[in-house]
Amino acid sequence: MTEPAPNDPLALADVDLTDLDRFTDGVTPWRMFHTLRHQDPVHWQPEPSPNSGFWALTRHEDIVRVDRDPETFTSTRFVNLEELDDDQIKKRASILELDGVRHRALRGLLQRQFGQTVIGGYTDFLRGLTARTLDAALAQKSFDFVANVSADFPINVLARLLDVPPEDNQRLIQWGNRIIGHTDPDYADVLLHSAASERYRDLPFRSPAAVEVFAYGRELARQRRGGAGTDLISRLVNETPRDGIPLSPQDFDNYFLLLVVAGNETTRHTISHAMLALIQHPDELDRLRRDPALIPGAVEEFLRWASPVYHFRRTASRDVALGGKRIRQGDKVVMWFASGNRDEKVFENPYAFDTTRTAIDHVTFGKGSPHLCLGNLLARTEVRVMFEELIPRLADIRLTGDVPRVRSNFVNGIKRLPVEVTLA
């Protein structure tokens, strides 16, 4: 039986963006997004209790509009689908759940560290790290690409930025899995919305792993406070935000946890999806092998194709019209970035993986938003260096097993990517 294509028709009545099991086959999410873009691009999606439903935005133009307007569509009521009371928001808010002056001030603490000058200075380090990662992985000939390459590499970069020992890498990876994978039984200590998760309602993602991350970060803060270090932890504990309000202990906890999660997950899943796409499209892999100068441009196609984060949420701060629908104050409004990255009005033949595609106006990191991903340049550089180093080494690479996906409608993740390689 032929597998359905991402743009095969799916009845609107069959669309359910809250059914996490539909996000595990690599096809159904794209079919749902395709249907919504064409039939109901500002779609009311009911949710199971305790949530109350949300507006699903699936067109590129609507996503960009909302992402650029924090006054109308605020992040301060939380940016994931979970609905929190005021006390929970106060305890769990990170830089992601702030707008305006305070958001800019906290972002400014580390903005320079993720800018062109600093990231450019990491290139030699990244190449050396990539070479070591690939030497170890490719020597095995048959291995899990996720565990040995796409998870291993960015976590080593994060360890460098945090100035923590490489022997802590596996803990950092596992914490990220347990926190972001809070809806996947293979990862979660406690599944989101289960009765047991009420015990952890004040923790990020309701994950017990957050307690361990907080303890680890606090010890690093204790060691770095008052020192002259230039790592990310030292800057958080020794510099005052430009609004003059020091980070509270809770601010530090939530900022540090965000670094641990975001510093690993997005790049990891982009590399995994890009490698899978190149395996499934060998002509594109051959094209990049013949002309490595195409790789920097191909990175933008990798990011569009991978769409490692399915969505982010905002909340309407006033009644507003959008896409012919009346959105009420307090309604959740969810930007499905993955769908925006397949919008036919923006991308010609969007279901084609084309490493020579130009003018790739993807929304993977946000677009023109105050919440544009702080680490987007680092992620781009990591992905570029990885494939510049990897592709010339490969004569052939092929799948040797199934490719299971993370059970999540938030992170578009690949759990395992079993491969066998022939070296050039």
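Look a little higher up for the structure.
Here the structure is a predicted model, which means the values were calculated and not measured.

1. What about the packing of helix H12 (residues 249-280) against helix H14 (residues 295-306)?
Look at H12 against H14: their axes get within 9 Å of each other, and the N-to-C directions meet at 100 degrees. The angle between the axes of H12 and H14 places the two elements in the roughly perpendicular class. On the side of H12, the interface is formed by His 269, Thr 270, His 273, Ala 274, Ala 277 and Leu 278, while H14 contributes Phe 302, Leu 303, Trp 305 and Ala 306. Across the contact of H12 with H14, the residue classes tally to seven nonpolar, three polar and no charged.

2. Some details on the nonpolar core
Taken as a class, soluble globular proteins show a tendency for nonpolar side chains to be buried jointly. Ranked by internal contacts, the top residues of the largest apolar core, which has 111 residues, are Tyr 255, Phe 302 and Phe 387. With 15 residues, H12 is the single largest residue contributor to this core. The contacts of Phe 302, once residues within four sequence positions are left out, are Thr 270, Ala 274, Leu 278, Leu 288, Phe 353, Thr 355, Val 383 and Phe 387. Listed in part, the 16 residues of the second largest apolar core include Leu 10, Trp 30, Phe 54 and Trp 336.

3. Observations regarding the sheet that holds strand E2 (residues 54-57)
With mixed pairing, five strands are arranged side by side in an open sheet as E1-E2-E8-E5-E3. On the outer flanks of this sheet lie strand E1 (42-45) and strand E3 (73-74), each paired with one strand and no other. The pairing of E1 with E2 spans four bridges and is classified as antiparallel. Following the sheet pairing, His 43 is matched in E2 by Ala 56. Packing against the sheet, helix H2 (residues 60-67) makes contact with E1, E2, E3, strand E5 (311-316) and strand E8 (332-336), and its axis sits at approximately 125 degrees to E8.

4. What to know about the packing of H14 against helix H16 (residues 376-390)
Packing of H14 against H16 leaves a shortest axis separation of 9 Å and a crossing angle of 120 degrees. In terms of axis orientation, H14 runs oblique to H16. The handedness of the crossing between H14 and H16 comes out as right-handed. Residues Ile 295, Pro 296, Val 299, Glu 300, Phe 302 and Leu 303 of H14 lie in contact with H16, whose contacting residues are Arg 380, Val 383, Arg 384, Phe 387 and Glu 388. Each residue belonging to the contact of H14 with H16 can be placed in one class, and the counts come to seven nonpolar, no polar and four charged.

5. Looking at the sheet that holds strand E9 (residues 394-399)
Read from one edge to the other, the open sheet built from three strands follows the order E4-E10-E9, with strand pairing classed as antiparallel. The sheet is open, and its two borders are formed by strand E4 (142-144) and E9, each paired with just one other strand. Here the strands of the sheet are splayed against their neighbours by 30 degrees on average, with no regard to which way each runs. The pairing of E9 with strand E10 (residues 418-423) spans five bridges and is classified as antiparallel. For Ile 397, the partnering residue across the bridge sits in E10 and is Val 421.

6. Details of the environment of Arg 171
By secondary structure assignment, the location of Arg 171 is in helix H9 (residues 169-180). Owing to a relative accessible area of 39%, Arg 171 belongs among the partly exposed residues under this scheme. C-alpha separation for the pair Arg 171 and Ile 155, spaced 16 residues apart in sequence, amounts to 10.0 Å.

7. Points about empty space enclosed by the protein
Taken as a whole and judged by the stated rule, the model has two cavities of 30 Å³ or more. Volume-wise, the largest cavity comes out at about 990 Å³. Around the largest cavity, the lining comprises 50 residues; the ones closest to its centre are Leu 96, Leu 258, Ala 262, Phe 312 and Cys 373. Among the elements that take part in the lining of the largest cavity, H12 stands out by supplying eleven residues, more than any other. Taken together, the residues that form the lining of the largest cavity break down as 32 nonpolar, eleven polar and seven charged. Its volume calculated, the second largest cavity comes out at about 40 Å³. Along its surface, the second largest cavity is lined by Gly 176, Asn 177, Ile 180, Gly 181, Tyr 187, Glu 265, His 269, Val 406 and Val 411. Sorting the residues of the lining of the second largest cavity by element identifies H9 and H12 as the ones contributing at least two each. Top element by residues in the lining of the second largest cavity is H9. It accounts for three residues. Taken together, the residues that form the lining of the second largest cavity break down as four nonpolar, four polar and one charged.

8. Section: the pairing of E5
For E5, a buried count of six out of six residues is recorded, marking the element as mostly surrounded by other parts of the structure. Burial along E5 is two-sided: His 311, Arg 313 and Thr 315 and Phe 312, Arg 314 and Ala 316, pointing in opposite directions, are all buried. Both E5 and E8 contribute to a ladder of five bridges, which runs antiparallel. From the neighbouring strand, Arg 313 faces E8, where its bridge partner is Val 334.

9. Remarks on the pattern of salt bridges
The tally for this structure, following the rule as stated, stands at 42 salt bridges. One salt bridge connects Glu 47 with Lys 332, and the closest N-O pair in it is separated by 2.6 Å. Remark: Lys 332 occurs in strand E8 and Glu 47 occurs in the loop between E1 and E2; sequence separation between them is 285 residues. You'll find Glu 47 and Lys 332 in the same group, each marked buried. When the shortest N-O distance is used, the salt bridge between Asp 231 and Arg 224 registers 2.7 Å. Each member of the pair, Asp 231 together with Arg 224, is buried.

What counts as what
Residues numbered from 1 in each chain as written. Predicted model: local features only at pLDDT ≥ 70, side-chain atom pairs only at ≥ 80, totals over all residues. Heavy atoms only, no water. Axes fitted to C-alpha atoms, helices over the stretch in contact; angles between N-to-C directions. Helix = DSSP H or I, 4+ residues; strand = E, 2+ residues; numbered from the N terminus. Parallel < 35°, antiparallel > 145°, perpendicular 65-115°, else oblique. Contact = heavy atoms within 4.5 Å. Nonpolar A, V, L, I, M, F, W, Y, C, P; charged D, E, K, R; others polar. Core = buried A, V, L, I, M, F, W, Y, C linked by side-chain atoms within 4.5 Å. Buried < 20%, exposed > 50% of the residue type's maximum accessible area, 1.4 Å probe, protein only. Pairing = 2+ DSSP bridges. Left-handed = near helix turned anticlockwise from the far one by under 90°. 1 Å grid on protein atoms, 1.4 Å probe; cavity = no way out; pocket = protein on both sides within 12 Å on 5 of 7 lines; lining within 4 Å. Points joined across faces, edges and corners; volume = space filled by probe spheres on them. Salt bridge = Lys/Arg side-chain N within 4 Å of Asp/Glu carboxyl O.

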